Structure formats: C-alpha cells, structure tokens
Amino acid sequence: MQERHTYDLGMIGNCAYLALIGKDTDIKWMCMPRFDSSFIFGSLIGGEKGGEFSIKPTSEHYKISQAYIPNTNVLETIVETDEYAYKITDCAPRFRQFDRYYRPQMLIRKIEPLNGLPQLKVVCDPVGDYGQKKLTRERGSSHIRYFGLPETLRLTTNIPINMVMDSSPFVLTKTRYMVMTYGAPLEAELQETAENFINRTVFYWQNWVKSTSIGQHYQEQVIRSSLALKIHQYEDTGGIIASPTMSLPESPGSTRNWDYRYCWMRDTYYTLTAFNNIGHFEEMENYFLYLTNIPMKGKERIQPLYNLVGESTIIEKELDLPGYMRNQPVRVGNDAYTHIQNDVYGQILLAILPLYTDKRFANMEKSQSSYLLKTILDKIEFTMDEADAGLWEFRNLKQKHAYTHLFQWAGSHAAMKIAREIGEMELGRKAEKLLKQAAAHLEKCYSPTRKAYAQAEGVDRMDASTLQLIMMNYMPHNSQKAKDHLKALEEDLRVGKGLFYRYKHADDFGEPETTFLICAFWYVEALACVGRTEEAMEAFEELIGYSNHVGLLSEDVKSSDGSMWGNFPQAYSHVGLVNAAYRINNKLDKPDFLP
C-alpha cells in the first residue's frame, strides 16, 4: 500500500516569527523578521536554493521521532542509530518579562546526547532574497556572522566554530547550544541563557493552556490547534495570517500555488471565534488595533486581505525556484488583494461584536467605534447588489454569492447590536434595513428543485460555504429546510464520513481535485446543529486522522488516499477543528447526552 503524502514538519513560533522543522532536523521554512519576509531557510519550496540548517548524524541509517513538549510550542526531535542517540530541542522564546511579552527574533537549538557517543555534523547555510542571495560569513570567537540581509544574522554556539563553518563531523560528548538571532545579537552567557529561555517558554505555554476553556471531548486536538493558532498572530500589529507558507500546491500539478502569509479579514473572524470559544481574549483586542490601522478612510472598499502591518498592496509575482515537489509556479504576494469580495464587511462586524456585547471587555478602547461602524455599513450598502469573486476567490467568475449575502445579513445583525451598545440609533436603523435587503438576496439563491440554497443567484450548483446558513442561524436548526439543505450538500459534495469539496464545478484552473478541510469541519458543525450529534462525532474523528505526526493540519486533503496538500499548517483548518469540537461539546453537555 502506497504511503500517503504528509507534511513531516513540526512548527515553532513566538508571535514574532514562525519556523517549520523537518523530521530530518532541517529548518525547512523560516522567514525573518516578519512572517511575510523572505525566507532565511526555505528548502521546502527552494530546494538547494533554500539553504539549510540541519543537525544530522554521520550514519546513513537512523530513525527519527518528533513530538512537542506537552502543551507547548517547543519541539523535540530524537535521532537514533544502532550505536547512539541524541535529542534536539527547538524553541522560539516567548514569556512574560517586565509586564510585557518577550518574543525575540531568536531560534534556540539545544542538542543533547542520550546514549552512546553521537557523531553528527551541523550545516548552517542561510540565504536571502528568496534564495537569490548567498550570504557572506565572518567568524568570531564563539559565533558566526552572516551578511547580506537588512539586519545582522548571527549564530552563537559552543560547538567548535570550525566544525560549523566547515560542516565537519564532531562527537557530541556534552550538551551543545546554537542560538540564531536576527537583529539584536545574544550578548549574555550562552548555556545559562538558552536553558533559562527554554524553561520559561515551556512554563509560559503550559500556563497559557491551563487558562484555556475547553470541553471534555477532543481536548488533545483542541489544545494542539489552539497552540498552533496562537502563533499565527503577529503580535506587533495584531494581524493574523492564513498560513506561514507560500506556494504549497492544493493538489499536485494543479498550479493552485498561493502565498498565504497575509491577513484575510474572513479568516480572522473564524479565528477570533475560535479564541472566544476557548476563552482567550487578548488576541481579539490586538486584532481590533490592527483593524483601526487599516486604511479605510476615503476608500471605496475594504480589501479581502492586507499584509501584516495593514498595507494594501501585495504584488503577486513568480520566483525562479524549483517549487515543492517541482510544483510550479512559485508565487510570492497575492493578487486576491485586488478582488471584490463583499463578504468581508460582515465578517469584520462579527469579529468585533464581542468587544461590545461581552462584559469582560469593559476597559477596551473603543473610541473609533462610531466611525468604524458607519464606514462598514456604508460599504455594505454600496456593495449590496453587486456580484463578486466570492470567498473562493474566483479569478474569472463573478456571481451574487449566497455566502456573501449571508455575511451581509449576519454583519448587519451584528451592527444592530453594536449600534444599540454605543447609542447610535440611526446606524441601528440603517443596519436593520440592510439586513432585510441581504435576506431578500439570499432567498434568490434558493433552489426549489434541490430544496437547498445554491452557490449563487441564478445557478443550481451546491457550495460547501452555504453550510454556514445553518451554523449562522439563518435557518432554524430544527427546521425541515435546514435538514433538506444539508442533505443536498451531502449528496453533491461529501466524500466518506466527513471530507467535503468546496464545490465540484470547473473554475479558472479546472475541477478541484482535493477536499477542503475547513468545509469538512463546517459540515461537522452543521451535523451537530441539526441534532445529528453522533454522526458529527464520527465525522470529526475521521477528520482528525488527517493530521500529521505532531497534530498539525494542512489546507486540503486528497480523498482517494488521505494525502495532505495546500499551505501548511493552515489556520483555517485548525480554526475549524476548534469550533467543531466546541459545537460537539456543547451538544454533549446537554441533558439528553449526559450519563
């Protein structure tokens, strides 16, 4: 039986940078100083042009096991041969210090012998400008400086410098440390600092998990997804990225290779809902600050996505790189910023709604509230009757999408509540008028022959995004209409117990070949909503089987063999898991399910 394609990667991060570490000990992906900067290590898509940072044994035959220190984002990789074994601990430091979070541009790699006399070699070959620039090196007494980047890159280590410079083999007789810094270098004592930072980071993450509110079922999966989601937020600005990677194909040879290292408004709504469901709120406050810095004033539209600092231009271009498993083209930037996607306005309103209705946000700065509310309602009004590219970002197809109308409806509903809280009655009346207009558009998407809501006005084809009509309470959960709608979607788009296609029709790149994990988790939620809770649990348990060895999820799954595709890890997928588990736990906590 052929082994399914899986991303054998663990992820570390500290809300300032992210890194993906292969089971072969190599840092396959790491961008600095921001998530959307050029990679410093990027063999994931750059091959030999992507550089390398590995700590491999000299033996050709070895076994690897990789796991997180429980309830943390600190990763351990154990390398074993017949003669010896050693462990690498990879840590992106994050902890409380002087009433703020310390999150330096620093990677700590601790290497300790477990048995025998490990013989290994270190390769540290960072690159610049997406692999187009080779860096020059300069040795110090206990460090190597790399030149050619906007700021200084430095590797401080107690491994003999010649062994690192020449990538020559050495015997690991005691614990060694490697600390890579971008910008400010490590000036303190190496071993003491590295141990202190690792221990404080472990303590921080384990305490963060302790303060997470989760149900009794699927705790392990929710904890891992929550930890993964947390480090997708760029804390400096509050922006939340869709994924740390770029140009990993949605399916082999499909050319659907996109850069996802940006902040989609809609992704953020779902992510903040997940954080709300697990009882973490500072992410929402940070995102509100991100929103207030987005250039909305005087703009006709709000874009579907912005970069990490709220800038609007994200030019898409192709790079001269081999690509992941030779999949071309390799794209950086994302032209979707030019698209018309009118669901975005409702999602912003839903994302900030808890700031006004949840009493735990009593001290939140909301001085921009009236301006923000009026601006977004004006844009819903301006775009209400307009066809758009939809959430799937069709490049050559504009329709009046049911999903867009749903979020115009739900966003207007949220706006009515916000207006009430801030005493803006006129804005509340405007929101109510827009809610009715959006509902009228939604009803034009209803297909009497299918007894279901179609993808858009004037078509009969099904679209998994309309599962949200049930989840967002547009249809009463106990209604026959909700059950009929779910049945039609199952007939057209479901594979197995839980996998779901976004849609089946051909788009700009042909017919989709892989299922989309967020849609599968929406399906789980919809099942729970209509009372099919046992089926929801069966589907959920199938879906968590598509995670990799450390519990991380990709964007897409190929139904024929269960292989992972698309950008990785995908915030959307982990959001779906957290929200689906929350929905199931709420159902199981009801008297009918209690023992």
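Let me begin by describing the structure that accompanies this report. This structure is a prediction, so every number in the text was calculated from the model and none was measured.

## Looking at the pattern of salt bridges
Inspection of the entire model under this criterion finds 32 salt bridges. Of the charged contacts in the structure, one is a salt bridge between Asp 378 and Lys 374, with a shortest N-O distance of 2.8 Å. Here Asp 378 pairs with Lys 374, and both are found in helix H9 (residues 369–383), just 4 residues apart, close to one helical turn. The class for Asp 378 is partly exposed, based on a relative accessible area of 26%. For Lys 433, the salt bridge identified is with Glu 381, shortest N-O distance 3.4 Å. With Lys 433 in helix H11 (residues 425–443) and Glu 381 in helix H9, the pair connects residues that are 52 residues apart, well separated along the chain. Residue classification places Glu 381 among the partly exposed positions, given a relative accessible area of 35%. Here the residues in one salt-bridge network are Glu 76, Lys 87, Lys 110, Glu 112 and Glu 195, joined through shared partners.

## Details of the packing of aromatic side chains
Following the criterion strictly, the structure yields 28 aromatic pairs and no others. Pairing Tyr 101 with Tyr 204 gives two aromatic rings, centres 5.7 Å apart and planes at 75°, and the pair type is edge-to-face. Remark: Tyr 204 occurs in helix H3 (residues 190–210) and Tyr 101 occurs in strand E10 (residues 100–102); sequence separation between them is 103 residues. A ring pair is formed by Trp 522 and Tyr 572, whose centres lie 6.4 Å apart and whose planes are at 70°; its orientation type is edge-to-face. Here Trp 522, found in helix H14 (residues 517–529), pairs with Tyr 572, found in helix H16 (residues 571–588); they are 50 residues apart in sequence, far enough to count as distant. Pair check on accessibility: Trp 522 and Tyr 572 agree, each one buried. Of note, Arg 109 hangs over the ring of Phe 53, and the distance from its end group to the ring centre comes to 4.9 Å. A cation sits over an aromatic face here: Arg 502 above Phe 516, 4.6 Å from the ring centre.

## A word on the state of the cysteines
Within the structure shown, the criterion is met by 0 disulfides. Residue Cys 263 stays outside any disulfide, its sulfur separated by 13 Å from that of Cys 15, the closest cysteine. Of all cysteine sulfurs, the one in Cys 519 lies closest to Cys 445, which takes part in no disulfide; the gap is 17 Å.

## Topic: the nonpolar core
Formed by 201 residues in total, the largest nonpolar core has its most connected members in Phe 53, Met 180, Leu 467 and Phe 540. In terms of residue count, H14 provides more of this core than any other element does, 12 residues in total. For Phe 53, the residues in contact, after removing those within four places along its chain, are Thr 25, Asp 26, Ile 27, Phe 41, Leu 107, Arg 109, Val 122, Val 123, Cys 124, Leu 155, Met 178 and Met 180. Listed in part, the 9 residues of the second largest apolar core include Tyr 260, Tyr 262, Ile 314 and Tyr 337.

About the cut-offs
- Residues numbered from 1 in each chain as written.
- Predicted model: local features only at pLDDT ≥ 70, side-chain atom pairs only at ≥ 80, totals over all residues.
- Heavy atoms only, no water.
- Salt bridge = Lys/Arg side-chain N within 4 Å of Asp/Glu carboxyl O.
- Helix = DSSP H or I, 4+ residues; strand = E, 2+ residues; numbered from the N terminus.
- Buried < 20%, exposed > 50% of the residue type's maximum accessible area, 1.4 Å probe, protein only.
- Phe/Tyr/Trp six-rings, centres within 6.5 Å; stacked < 30°, edge-to-face > 60°.
- Lys NZ or Arg CZ within 6 Å of the ring centre and 35° of its normal.
- Disulfide = S-S within 2.5 Å.
- Core = buried A, V, L, I, M, F, W, Y, C linked by side-chain atoms within 4.5 Å.
- Contact = heavy atoms within 4.5 Å.

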